[in-house]
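In case you want the letters, here they are:
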Amino acid sequence: MSERKKVAFYTLGCKLNFSETSTIARNLQDEGFDRVDFEEVADMYVINTCSVTENADKQFKQVVRKAMKLNDKAFVAAVGCYAQLKPEELAAVDGVDLVLGATEKFKLADYVNDLSKNDFGEVHSCEIAEADFYVGSYSIGDRTRAFLKVQDGCDYKCTYCTIPLARGISRSDALENVLKNAKEISEQNIKEIVLTGVNIGDYGKGEFGNKKHEHTFLDLVQALDQVEGIERVRISSIEPNLLKNETIDFVSKSSTFVPHFHIPLQSGSNDILKLMKRRYLREVYTDRVNQIKEVMPHACIGVDVIVGFPGETDEHFLETYHFLNELPISYLHVFTYSERDNTEAAAMGGVVPANVRAKRSKMLRGLSVKKRRAFYESQLGTERTVLFEVENKEGYIHGFTENYVKVKAPWNPELANTLRKIQLTQIDEDGSVRVQSVEALA
């Protein structure tokens, strides 16, 4: 019998990519491959690419070089968003043998024959209009939580974004399939599910391969709340215009869904939001945040924001800064705008110089540190439930409360992958909340 081949994966980008990497890996394992760590010598290296930032393009080349250093005879395949947008560019990178676009990536096993190196990277990528079918996926690499994909693609036309070009139209998994996947996850002793997709608030659209909606995002949330064996569900990122009061109210009463929302804002200036073609104005955003805080005062709210968008003046930026400073939010994910080919924004005037973009980014990152600290301080003295992770990090075990406060306690293997009630008492110098005695966790 021939020896099983070894395959290693490297994922760039978002949680959705992680869930899809896991699914591709399981498919290859079914085809006779053994999955190994990316640091190990393998017969094939698969890189799941991202196109959201300029950096992801550079990272790809570094990852290929790393694979070639480990085994210069290994077969290298590139899949994912960047592989869909710039297949020829990736195929030209030294060492790359195969590039698969949006619809082909889940059929990787079909394209891999004898794993012999190609002189030139072979490209299989569809016209993005053909990416109209749905492939469900979930990741279970991390023993404590799983990323469950429920939706893919996007029908929005934000002027800075390449995701509709890379992933196609908005489409959803069938509700029964999401519940089947959630059940499979629960059977593996995983305590937390993080829902993921490109635009998950749009859930239900394309569930039958068309635009007919049988289910809504609220239906999805209510159905997942009933899955036995899952202790926690986290919503991850949801557009403010799609986060409805009914969903917020349901989460506030649910024992499974946690009080943690991540809501993209992108700019606190209505002028810039219009240039970005976002589907709301800042007033809607304020309303969503206030609604959450009214029914869940202890909820954690994360925000995505882009600095340096074309036309963003100092006044626009300060409008964003003050808007965020005054809102009861908990942390920021700050993105420095970078020009992407085939987007409207790339042709806009009012280009912001790179040094100004960097300065604005630094200011908002500083604000994020301040906001997170204030949120953590507001939680001191309260009792929360922590899901502990499985790693020993320098003598400590880490975990997150339901409302996303990072906690550390002296290492104790018995705590790994368990939920424990604790008192939040003091903030450590590294910014996490330290729990002194393990007895307090019992």
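As the structure is a prediction and not an experimental result, all values here were calculated from the model.

Cut-offs and rules
Residues numbered from 1 in each chain as written. Predicted model: local features only at pLDDT ≥ 70, side-chain atom pairs only at ≥ 80, totals over all residues. Heavy atoms only, no water. Buried < 20%, exposed > 50% of the residue type's maximum accessible area, 1.4 Å probe, protein only. Helix = DSSP H or I, 4+ residues; strand = E, 2+ residues; numbered from the N terminus. Pairing = 2+ DSSP bridges. Core = buried A, V, L, I, M, F, W, Y, C linked by side-chain atoms within 4.5 Å. Phe/Tyr/Trp six-rings, centres within 6.5 Å; stacked < 30°, edge-to-face > 60°. Lys NZ or Arg CZ within 6 Å of the ring centre and 35° of its normal. pLDDT = per-residue confidence, 0-100. Contact = heavy atoms within 4.5 Å. Salt bridge = Lys/Arg side-chain N within 4 Å of Asp/Glu carboxyl O.

S.K.: So what's going on with the pairing of strand 11 (residues 192–196)? Which residues, and what values?
M.R.: Buried residues dominate strand 11, accounting for 5 of its 5 residues. Of the two faces of strand 11, the one lined by Glu-192, Val-194 and Thr-196 and the one lined by Ile-193 and Leu-195 are each fully buried. The sheet contact formed by strand 8 (residues 145–149) and strand 11 spans 5 bridges and is parallel. Across the sheet, Arg-145 pairs through a bridge with Glu-192, a residue of strand 11. Bridge analysis of strand 11 against strand 12 (residues 232–234) gives 3 bridges, and the strand direction is parallel.

S.K.: Go over the nonpolar core with me, naming the residues and quoting the values.
M.R.: Among the nonpolar cores identified, the biggest contains 51 residues, and Leu-148, Leu-195, Phe-217, Leu-220, Ile-292, Leu-324 and Leu-364 are the most heavily contacted of them. Sorting elements by how many residues they give to this core places helix 8 (residues 217–224) first, with 5 residues. Within the second largest apolar cluster, 23 residues are counted, among which are Tyr-45, Ala-67, Tyr-82 and Val-93.

S.K.: Mind laying out the packing of aromatic side chains, listing which residues take part and the relevant values?
M.R.: By the definition in use, this model includes 10 aromatic pairs. One aromatic cluster is present, built from ring pairs that chain together Tyr-10, Phe-38 and Tyr-45. Looking at Arg-26, its charged tip hangs above the ring of Tyr-138, at a distance of 4.1 Å from the centre. If you follow Lys-408 out to its NZ or CZ, it ends over the ring of Tyr-396, 4.3 Å from the centre.

S.K.: Any details on unusual backbone geometry? Residues and values, ideally.
M.R.: Note: most peptide bonds trans; most residues except glycine with negative phi. In this structure, Glu-394 takes a positive phi of about 50° despite not being glycine. Looking at the secondary structure, you find Glu-394 in the loop between strand 16 (383–388) and strand 17 (396–401). In this structure Glu-394 comes out as exposed when scored by relative accessible area, which is 79%. Positive phi outside glycine occurs at Asn-417, with the angle close to 60°. Relative to the elements of secondary structure, Asn-417 occurs in the loop between strand 18 (406–410) and strand 19 (419–423).

S.K.: Could you give me a rundown of the confidence of the model for the protein, with the residues and numbers involved?
M.R.: On average, residues of the protein carry a pLDDT of 90, and 92% of them reach 70 or more. Taken together, the stretch residues 438–442 has pLDDT below 50 and engages in 12 contacts with residues farther than four places along the chain or on a different chain.

S.K.: Help me get a handle on the pattern of salt bridges, residues and values and all.
M.R.: What the rule picks out here adds up to 29 salt bridges. For Lys-180, the salt bridge identified is with Glu-184, shortest N-O distance 3.1 Å. Within this pair, Lys-180 and its partner Glu-184 are both found in helix 7 (residues 175–186), separated by 4 residues, close to a single helical turn. The closest approach of N and O atoms between Arg-288 and Asp-287, which form a salt bridge, is 2.7 Å. The partly exposed category is assigned to Asp-287, whose relative accessible area is 39%. By sharing partners, the salt bridges in this structure join Glu-20, Lys-105, Lys-149, Asp-152, Arg-167 and Arg-171 into a single network.

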